[in-house]
Protein chains: 2
Amino acid sequence: MPKAQSIADEVRRRIVELKWRQGERIPDEADLAVEFDAARATVNKALQVLADEGLLDRKRRAGTRVAINPVSKATFSIPIVREQVEEAGMAYSHRVVAQRLSPIPAQIAARLGLPEGELLVHLRAVHYADGKPYQLEDRWLNPRAAPGLQQAGFRDLNANEWLVRNAPYLRAEFSFSAENADRRDARLLQTRQGQALLILHRTTWNDLGPITTVRVAFQPGHRFGAGEGRDHAG
Amino acid sequence: MPKAQSIADEVRRRIVELKWRQGERIPDEADLAVEFDAARATVNKALQVLADEGLLDRKRRAGTRVAINPVSKATFSIPIVREQVEEAGMAYSHRVVAQRLSPIPAQIAARLGLPEGELLVHLRAVHYADGKPYQLEDRWLNPRAAPGLQQAGFRDLNANEWLVRNAPYLRAEFSFSAENADRRDARLLQTRQGQALLILHRTTWNDLGPITTVRVAFQPGHRFGAGEGRDHAG
DNA sequence: CTTCAAAATAAGTATAGACATATCTGCTGT
DNA sequence: ACAGCAGATATGTCTATACTTATTTTGAAG
């Protein structure tokens with residue numbers, strides 16, 4: 001095991017076992033280097049890891065303190081829905097329900113930071129697993145931030161897959177909420193009106209501007225998990 | 001701006017602008033060190049950052065490639081609800097609805113990795129903002145993993161706050177789902193039965209075992225956001 | 001042509017040394 | 001008492017060097 005990592009583990013252990021308490025100052029890098037018989041750079045690396053994890057707060061001259069409230073990093077992948085379904089051993093299919101160039105409403109404009117009424121591609125599609133609705137996408141696409149999108153053809157484009165493979169992004173925003181299924185949601189997901197649905201809003205940007213924003217409505221009962229250090233799907 | 005960071009930014013730019021495409025091999029550390037006039041250690045640090053972000057896949061001898069699978073990291077903190085409410089300029093209050101030592105049902109046992117029937121503290125509480133229900137907690141606490149919990153007294157304990165301040169954890173798991181409010185949810189959140197509720201399940205562990213698992217039901221309409229990512233696509 | 005071992009390679013890790021920079025502490029003079 | 005400056009100090013960053021380790025390539029032996 002790498003030395004830096006074993007130092008990080010030991011420091012983590014001391015924090016979890018309350019040997020070093022929240023808000024308390026811990027020995028400086030030089031002292032720890034002596035204690036662990038390592039170079040200062042190695043101790044520095046270990047402590048930086050813990051600071052990234054949110055366990056330590058570090059400030060020049062002021063030293064290193066145990067963070068007051070720890071932060072958890074969860075990892076989301078933006079999955080290719082087809083692969084996700086197939087990995088679960090089910091047959092994937094996909095249907096584009098609607099698709100046209102359309103002026104964006106105020107709410108979407110605000111989310112994207114574009115002027116209201118700008119023309120973007122509006123796409124509604126359903127992903128199926130073994131013929132049953134799996135998730136429902138309501139998506140706006142900005143061809144200006146994703147050159148090549150026009151050529152990809154919109155007729156039966158699987159936007160999710162095309163974007164994952166062709167449009168790297170610099171920034172993303174996620175939010176979760178819950179909504180009662182309206183008439184359309186219920187019809188497309190083949191469930192009853194009023195059914196509680198987990199809704200994920202996701203927007204991505206690159207240096208040319210917003211790429212896409214999407215509202216994903218999951219199949220009733222779906223659980224979206226995120227555990228520390230693990231890759232998870234959605 | 002630190003050199004390592006500007007190298008990372010430049011590499012990121014080349015990926016986003018498709019100069020280096022997915023799956024493609026990028027120059028090795030030594031070559032990049034020459035190009036950017038830096039030591040190899042500095043280039044290494046920059047590329048490690050990008051690999052952590054999920055943008056690059058690195059393997060000894062095989063070199064560094066642009067990652068195929070997009071991964072986005074979002075950071076959750078476990079908030080102190082009281083502070084969250086007060087920061088929004090509202091008055092916080094809190095009510096413990098039920099609380100007793102109770103054998104855990106199978107579902108909770110499975111989630112915690114403990115034997116069914118083990119005695120844990122079961123707690124139900126409501127957090128209020130300006131007198132209106134803000135969120136509803138249904139929590140199981142393991143005193144064995146959080147010594148001092150007994151002394152903290154369960155009568156009107158704000159478990160959320162006590163835990164954040166006194167029980168650092170090593171691992172956490174989150175999941176989101178949506179549920180229609182049942183009778184009890186509706187009563188405690190002062191909403192109608194059937195209302196779609198965003199549900200967060202959260203479990204934390206330290207080296208002594210599971211600390212707590214909690215089901216949080218948010219006020220109707222609540223949106224749980226997580227921003228900041230940096231990778232691929234859609 | 002196959003198998004397997006040795007060589008080459010690129011990343012992984014650690015080190016000592018140096019300098020930069022933020023910020024805390026204490027001193028100084030008014 | 002107080003403002004402001006000077007030093008001290010802990011972390012931030014970079015470099016050159018060395019050695020380690022996983023993996024691919026090569027090439028020799030069967």
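For every chain, the first residue of the written sequence is number 1, and numbering continues from 1 onward in sequence order. Working convention: letters from A go to chains and numbers from 1 go to ligands, in the order in which they are written. For a predicted model such as this one, the threshold for reporting local features is a pLDDT of at least 70, and the threshold for listing and counting side-chain atom pairs is 80 or more; totals across whole chains, interfaces and linings nevertheless cover every residue. Think of the side-chain values as coming from all heavy atoms in the structure, minus any hydrogens and water.

With respect to empty space enclosed by the protein
One way to see where empty space is left: roll a probe the size of a water molecule over the atoms. All names here are of chain B. Cavities and pockets were defined on a 1 Å grid built from protein atoms only: a cavity is a group of points that admits a 1.4 Å probe but offers it no way out, a pocket is an open group of points flanked by protein on both sides within 12 Å along at least five of seven lines, and a lining residue is one with an atom within 4 Å of any such point. Grid points are joined across faces, edges and corners, and a volume is the space filled by probe spheres set on the points. If you walk through the whole model with that rule in mind, you get 5 cavities of 30 Å³ or more. Looking at the largest cavity, its volume works out to about 160 Å³. Ile78, Leu163, Val164, Tyr169 and Thr204 are the residues nearest the centre of the largest cavity, which is lined by 14 residues in total. Secondary structure elements follow DSSP: runs of H or I of four or more residues count as helices, runs of E of two or more count as strands, with numbering from the N terminus. Every element with two or more residues in the lining of the largest cavity is listed here: helix H7 (159–166), strand E9 (196–206) and strand E10 (209–218). Per-class residue counts for the lining of the largest cavity are 8 nonpolar, 4 polar and 2 charged. Asp, Glu, Lys and Arg are counted as charged, while Ala, Val, Leu, Ile, Met, Phe, Trp, Tyr, Cys and Pro are counted as nonpolar; the rest, among them Gly, fall into the polar class.

Describing the protein's contact with DNA strand D
We call a residue near a molecule or strand whenever a single non-hydrogen atom of that residue lies within 4 Å of it. Residues in contact with DNA strand D amount to 23 residues; listed here are only the nearest, A:Arg40, A:Arg58, A:Arg61, B:Lys3 and B:Thr42. Sugar and phosphate atoms constitute 71% of the interface atoms of DNA strand D, taking the interface as everything within 4 Å of the protein. Here a phosphate oxygen of DNA strand D sits 2.8 Å away from a polar atom, N or O, in the main chain of A:Glu29. At 2.9 Å from a phosphate oxygen of DNA strand D is found a main-chain nitrogen or oxygen belonging to B:Ala39. Secondary structure elements with two or more residues in the surface near DNA strand D: helix H3 (40–53), strand E2 (56–59) and strand E3 (63–66) of chain A together with helix H1 (3–16) and helix H3 (40–53) of chain B. Considered class by class, the residues forming the surface near DNA strand D number 5 nonpolar, 5 polar and 13 charged. Residues adjacent in sequence count toward polar contacts only when both atoms are side-chain atoms; beyond that, a polar contact is any pair of N or O atoms within 3.5 Å, and within protein one must be able to donate a hydrogen and the other to accept it.

As for H3(A)
All names here are of chain A. What a helix should span is 1.5 Å times the count of its residues minus one. Here H3 contains 14 residues, and its C-alpha end-to-end distance of 20 Å stays within 8% of the 20 Å for a straight helix at 1.5 Å per residue. Each residue is placed in one exposure class: buried if its accessible area under a 1.4 Å probe, protein chains only, is under 20% of its type's maximum, exposed if it is over 50%, and partly exposed if it falls in between. When H3 is considered as a whole, its buried residues turn out to be Val43, Ala46, Leu47 and Leu50. Buried positions in H3, seen along its axis, are confined to an arc of 90° and lie on one side of it. Away from the buried face of H3 by more than 90 degrees, exposed residues Ala41, Lys45 and Asp52 are located. By definition, residues are in contact when any of their heavy atoms lie within 4.5 Å. Buried residues along H3 sit in contact with helix H1 (3–16), strand E1 (25–26), helix H2 (29–36), E2 and E3. Just past H3, the residue Gly54 takes up positive phi, approximately 95°. It is the directions from the helix axis to the C-beta atoms that the arc portrays.

Focus: the relation of the copies chain A and chain B
Overlaying chain A on chain B yields an RMSD of 0.3 Å, the required transformation being a rotation through 180° with an accompanying axial translation of 0.1 Å. Considering both components of the superposition, the chain copies are consistent with a two-fold axis. Measuring from the rotation axis to each C-alpha of chain A, the shortest distance belongs to A:Ala196, at 2.2 Å. Counting the interface residues of chain A, we find that 88% of their copies in chain B are interface residues as well, pointing to one common contact surface. Our superposition of the copies is a least-squares fit, built on the C-alpha atoms of residues whose pLDDT is at least 70 in both.

So, the sheet that holds E1(A)
Residues and elements named next belong to chain A. Taken together, the 3 strands give an open sheet; going across it, the order is E1-E3-E2, and neighbouring strands pair in antiparallel fashion. What marks the edges here is a single partner per strand, and that holds for E1 and E2. Where H3 meets the sheet, it contacts E1, E2 and E3, and its direction lies at approximately 120° from that of E2. A pair of strands is considered paired only if DSSP assigns at least 2 bridges between the two. Interaxial angles span 0 to 180 degrees and are taken between N-to-C directions of axes, which are lines fitted to C-alpha atoms, for helices over the stretch in contact.

A few points about unusual backbone geometry
Located in the positive-phi region is A:Asp37, a residue other than glycine, with phi close to 55°. Take A:Asp37: it is sitting in the loop between H2 and H3.

Quick look at the sheet that holds strand E2 (residues 56–59) of chain B
Residue and element names in this part refer to chain B. In spatial order, the strands read E1-E3-E2; together these 3 strands make up an open sheet with antiparallel pairing. The two strands at the open ends of the sheet, each matched to only one other strand, are strand E1 (25–26) and E2. As defined by bridge partners, E2 adjoins strand E3 (residues 63–66) across 4 bridges and the pair is classed as antiparallel. Bridging across to E3, Leu56 finds its partner in Val66.

Examining the packing of aromatic side chains
Pairing of aromatic rings covers Phe, Tyr and Trp, the last counted by its six-membered ring, and requires centre-to-centre distances within 6.5 Å; plane angles under 30 degrees mean stacked, over 60 mean edge-to-face, and any other angle means tilted. Evaluation of the coordinates by the stated rule reveals 5 aromatic pairs over all chains. Look at A:Phe218 and A:Phe224: their rings are 6.1 Å apart centre to centre, the planes differ by 65°, and that puts the pair in the edge-to-face class. Note on accessibility: A:Phe218 and A:Phe224 belong to one class, buried. Ring-pair connections join several aromatic residues into one group, and the members of that group are A:Phe176, A:Phe218, A:Phe224, B:Phe176, B:Phe218 and B:Phe224. Counted as over-ring charges are cases with an Arg CZ or a Lys NZ within 6 Å of the ring centre that also lie within 35 degrees of the ring normal. Geometry around A:Trp205 places A:Arg171 over its ring, the cationic atom sitting 3.8 Å from the centre.

A short note on the nonpolar core
Each nonpolar core is a collection of buried residues, namely Ala, Val, Leu, Ile, Met, Phe, Trp, Tyr and Cys, held together in the definition by side-chain atoms within 4.5 Å. Among the nonpolar cores identified, the biggest contains 62 residues, and A:Phe76, A:Phe176 and B:Phe176 are the most heavily contacted of them. If we ignore the near neighbours within four places in the chain, the residues touching A:Phe176 are A:Phe76, A:Leu198, A:Ile199, A:Leu200, A:Phe224, B:Phe176, B:Leu198, B:His222, B:Arg223 and B:Phe224.

Some points on the confidence of the model for chain A
pLDDT is defined as a per-residue confidence score from the predictor, taking values between 0 and 100. Summarising the model, chain A shows a mean pLDDT of 92, and 97% of its residues fall at 70 or more. Predicted confidence is poor over residues 229–234 of chain A, with pLDDT under 50, and the contacts of this stretch with residues over four places away or in other chains come to 21 contacts.

A short note on the protein's contact with DNA strand C
Contacts to DNA strand C come from 25 residues, most closely from A:Lys3, A:Thr42, B:Arg40, B:Arg58 and B:Arg61. Taken together, the sugar and phosphate atoms account for 72% of what DNA strand C places within 4 Å of the protein. For DNA strand C, a sugar or linking oxygen lies 3.5 Å from a polar atom in the side chain of A:Arg61. Contributing elements (two or more residues each) for the surface near DNA strand C: H1 and H3 of chain A together with H3, E2 and E3 of chain B. No other element matches H3(A), which puts 4 residues into the surface near DNA strand C.

What about the interface of chain A and chain B?
With 58 residues of chain A at the interface, the matching set in chain B holds 55 residues. Between chain A and chain B lies a buried interface of about 4,800 Å² when both sides are counted; carbon and sulfur atoms form 52% of it. Any Lys or Arg side-chain nitrogen located within 4 Å of an Asp or Glu carboxyl oxygen qualifies as a salt bridge. At the junction of chain A and chain B, the tally comes to 0 salt bridges. Across the contact surface, chain A and chain B share 10 residue pairs in polar contact (both at pLDDT 80 or more). Elements supplying a minimum of two residues to the side of chain A that touches chain B: H1, strand E4 (71–76), helix H7 (159–166), strand E8 (171–180), strand E9 (196–206) and strand E11 (224–227) of chain A. Broken down by element, the side of chain A that touches chain B gets its largest block of residues, 10 residues, from E8(A). A breakdown of the residues in the side of chain A that touches chain B according to their chemical character gives 24 nonpolar, 18 polar and 16 charged. Here E4(A) pairs with strand E4 (residues 72–77) of chain B via 6 bridges, running antiparallel. When the sheet's bridge partners are listed, A:Phe76 is paired in E4(B) with B:Ser72. Accessible-area loss on putting two parts together, using a 1.4 Å probe and summing over both, is the definition of buried area adopted here.

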